[in-house]
2 protein chains.
Amino acid sequence: MLLLDIGNTNVKIYDGAEVRRAGVVGFGFPDTPFYYINVNPSVQEVLDRLPQATDLRGWFDFKTAYSGLGVDRIAACYSVQNGIVVDAGSAITVDRMREGVHEGGFIMPGLSSAKDSFAKISSKLVYDPENVVDLKHLPQNTADALTYATIKPIVLMIEEIARDLPLILTGGDAGVLMHYFANAEHREDLVFEGMQKVIEEKAIKEKRNAC
Amino acid sequence: MLLLDIGNTNVKIYDGAEVRRAGVVGFGFPDTPFYYINVNPSVQEVLDRLPQATDLRGWFDFKTAYSGLGVDRIAACYSVQNGIVVDAGSAITVDRMREGVHEGGFIMPGLSSAKDSFAKISSKLVYDPENVVDLKHLPQNTADALTYATIKPIVLMIEEIARDLPLILTGGDAGVLMHYFANAEHREDLVFEGMQKVIEEKAIKEKRNAC
């Protein structure tokens, strides 16, 4: 079973064993049957014309009051009964799941956006994503101030909505954020877990209907 | 007395009565004597060649352990004995002053940076700076989620370092942030207040030395 998670920048491909990542621009879709979720309007038309491509968008039975929730966020939350789901990519999305119900969430610019924002404001503001700082103390130089100002708002925002719920991090920058949360769980393939779950549910339903 | 506060995007000019604002690009510096602070490397060379221009950079007697603090932040803090100084422009700087000593601070991308960051991530993420949201509740649609995610981190970051100190807001986006702080003071001309203070101190010192 081939699964594709198509984002604004990258496509992630899961073949049942391994995940590989490729840029969206110039990406060649597989000729063999695949299931996908897609949040990138620029490739939807191409996907619609591929007979081997199955869009999972309408398959999720997802309880939320949030209007316009991206299918990538739905998929990431779909296998989580209780928890805060943080998907840290070009955007950072944060969603709260309680008893299988989506209670709301928000979107922040990702870590690479911060780097671009600072560079655009002044050539003196060079953000180093490798720099790890102690968030408990006020920074005393520009390099630490930029890291502090990039990471701490994200940490505060997550803590604010986390309350008693477990924290689950996924996405390309999850590793960076793991430095700042003592009890978080890093689940790289959370979106694929959600996609697999919805495909299995559909198979069970169809089997039941066939009986 | 003519004062110029030269930033990365704009120049603010104070003539003793009114403040006007102009873009840095193509700005014609006054022919009459003026005092200035400047954080924009691209115009420093021009300024150095103007005999009527006096750089206040070296004039401030400012106690801080922070290395590389911008002269605009020093000027904004200079007239504040105790307080959190927030200058919300193309960058948002936050500094803590206690008993006339600078205890540290940080820099965040400004509100307009958030707009650009979201637009760059996806055409679906349109941030409206006029939108005011209730930060106490999780947003339930994309428009509110973007405002929430832009404003709330800034508010949390400021509250985190504010503690018992009064909050003073300045800069072009101070008005937007005032919606979210019950007890903040909006002082538009804080940087000019600091510049005036340092000029007066120098005059007093010179008078004293002449006696």
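The coordinates are above.
Scope of this entry: the structure provided in the associated data block. Quick caveat, the model's predicted, so the values are computed rather than measured. (Residues numbered from 1 in each chain as written. Chains lettered and ligands numbered in written order. Predicted model: local features only at pLDDT ≥ 70, side-chain atom pairs only at ≥ 80, totals over all residues. Heavy atoms only, no water.)

### Quick notes on the interface of chain A and chain B
Piece 1. Facing 43 residues of chain A, the contacting portion of chain B comprises 43 residues.
Piece 2. Taken over both partners, the interface formed by chain A and chain B buries close to 3500 Å², and the fraction arising from carbon and sulfur atoms is 62%.
Piece 3. Counting the surface chain A buries against chain B, the share from its top three residues, I121(A), L138(A) and Q140(A), is 17%.
Piece 4. Here chain A and chain B share 4 salt bridges between them.
Piece 5. Joining chain A to chain B, the criterion identifies 11 residue pairs in polar contact (both at pLDDT 80 or more).
Piece 6. Of all elements in the fold, only β8 (91–98), β9 (101–109), α3 (111–121) and α4 (142–162) of chain A reach the threshold of two or more residues within the side of chain A that touches chain B.
Piece 7. For the side of chain A that touches chain B, the element with the highest residue contribution is α4(A), accounting for 11 residues. (Contact = heavy atoms within 4.5 Å. Buried area = accessible area lost by both parts, 1.4 Å probe. Salt bridge = Lys/Arg side-chain N within 4 Å of Asp/Glu carboxyl O. Polar contact = N/O pair within 3.5 Å; in protein donor to acceptor, adjacent residues only side chain to side chain. Helix = DSSP H or I, 4+ residues; strand = E, 2+ residues; numbered from the N terminus.)

### Structural notes on the side chain of T93(B)
Residue and element names in this part refer to chain B.
Piece 1. Tracing the sequence through the fold places T93 in strand β8 (residues 91–98).
Piece 2. Given a relative accessible area of 10%, T93 falls into the buried group.
Piece 3. Sequence-distant contacts of T93, that is, excluding residues within four places in its chain, are made with R73, V85, V86, D87, F106 and I107. (Buried < 20%, exposed > 50% of the residue type's maximum accessible area, 1.4 Å probe, protein only.)

### Details of the sheet that holds strand β1 (residues 3–6) of chain A
All names here are of chain A.
Piece 1. One open sheet accounts for 5 strands, arranged β3-β2-β1-β4-β5; its pairing is mixed. Unpaired on one side and paired on the other, β3 (19–23) and β5 (53–55) mark the two borders of the sheet. Averaged over all adjacent pairs, the angle separating strand axes in this sheet is 25°, with direction ignored. (Pairing = 2+ DSSP bridges. Axes fitted to C-alpha atoms, helices over the stretch in contact; angles between N-to-C directions.)

### Thoughts on the environment of V132(A)
Piece 1. Here V132(A) lies in the loop between α3 and α4.
Piece 2. Linking V132(A) and L177(A), residues 45 residues apart in sequence, is a C-alpha distance of 9.8 Å.

### A short note on the pairing of β8(A)
Residues and elements named next belong to chain A.
Piece 1. Of all the 8 residues making up β8, 7 are buried; the element is thus mostly covered by neighbouring parts of the structure.
Piece 2. When strand β7 (residues 83–88) meets β8, the two strands line up antiparallel, connected through 6 bridges. Residue pairing in the sheet places A88 in a bridge with I92 of β8.
Piece 3. Between β7 and β8, which follow one another and run antiparallel, lie 2 residues.
Piece 4. Two elements, β8 and β9, share 8 bridges in a ladder whose sense is antiparallel. Its bridge partner being in β9, A91 is matched across the sheet by P109.
Piece 5. Counted between consecutive antiparallel strands, the loop separating β8 from β9 contains 2 residues, among which E99 sits at a positive phi close to 50°.

### Here we look at helix α6 (residues 190–210) of chain B
In an α-helix, one full turn covers 3.6 residues, which means residues spaced three or four apart are oriented alike.
Piece 1. For α6(B), which comprises 21 residues, the first-to-last C-alpha distance of 30 Å matches the rise-based estimate of 30 Å (1.5 Å per residue) to within 8%.
Piece 2. Among all positions of α6(B), only L190(B), V191(B), F192(B), G194(B), M195(B), V198(B) and I199(B) are buried. (Expected span 1.5 Å × (residues − 1).)

### A word on the nonpolar core
Nonpolar side chains in soluble globular proteins tend to be buried together.
Piece 1. If you look at the biggest cluster of nonpolar residues, it comprises 126 residues, and the most contacted ones within it are F60(A) and F60(B).
Piece 2. Contacts of F60(B), omitting those with residues within four sequence positions, involve I37(B), V71(B), I74(B), A75(B), Y78(B), G194(B) and V198(B). (Core = buried A, V, L, I, M, F, W, Y, C linked by side-chain atoms within 4.5 Å.)

### Details of the relation of the copies chain A and chain B
Piece 1. When chain A is fitted to chain B, the residual RMSD is 0.0 Å, and the transformation amounts to a turn of 180° plus an axial shift of 0.0 Å. Read as a symmetry element, the transformation amounts to a two-fold axis. Within chain A, P153(A) has its C-alpha nearest the rotation axis, a separation of 2.4 Å.
Piece 2. Comparing interface residues between copies, 100% of those in chain A also sit at the interface in chain B, which points to an isologous, same-surface contact. (Least-squares fit on C-alpha atoms with pLDDT ≥ 70 in both.)

### Some remarks on the packing of aromatic side chains
Piece 1. One pass over the structure, following the stated rule, counts 14 aromatic pairs over all chains.
Piece 2. With centroids separated by 6.1 Å and ring planes inclined at 50°, the aromatic side chains of F34(A) and Y36(A) adopt a geometry described as tilted. As far as the burial class goes, F34(A) and Y36(A) line up, both buried.
Piece 3. A ring pair is formed by F29(B) and F34(B), whose centres lie 6.1 Å apart and whose planes are at 10°; its orientation type is stacked. An identical accessibility class is assigned to F29(B) and F34(B); each is buried. (Phe/Tyr/Trp six-rings, centres within 6.5 Å; stacked < 30°, edge-to-face > 60°.)

### A look at the pairing of strand β2 (residues 10–14) of chain B
Residues and elements named next belong to chain B.
Piece 1. Buried residues dominate β2, accounting for 4 of its 5 residues.
Piece 2. The sheet contact formed by strand β1 (residues 3–6) and β2 spans 4 bridges and is antiparallel. Paired with L4 across the strands is I13, a residue of β2.
Piece 3. Between β1 and β2, which pair antiparallel one after the other, the connecting turn spans 3 residues.
Piece 4. Bridge count for β2 against strand β3 (residues 19–23) is 5 bridges, and the pairing is antiparallel. Looking across to β3, one finds that V11 is bridged to A22.
Piece 5. Taking the residues between adjacent antiparallel strands as the criterion, β2 and β3 are bridged by 4 residues, where G16 takes a positive phi near 100°.

### As for the packing of α3(A) against α4(A)
Residues and elements named next belong to chain A.
Piece 1. It is at 11 Å that the axes of α3 and α4 come closest, and there the two elements cross at 140°. Judged on the interaxial angle alone, α4 and α3 are oblique. In this structure, α3 crosses over α4, and the sense of that crossing is right-handed. Every residue of α4 that contacts α3 at L111, A114 and F118 is listed here: L146, A149, T150, I151 and I154.
Piece 2. Grouping the amino acids of the contact of α3 with α4 by side-chain chemistry returns 7 nonpolar, 1 polar and no charged. (Parallel < 35°, antiparallel > 145°, perpendicular 65-115°, else oblique. Left-handed = near helix turned anticlockwise from the far one by under 90°. Nonpolar A, V, L, I, M, F, W, Y, C, P; charged D, E, K, R; others polar.)

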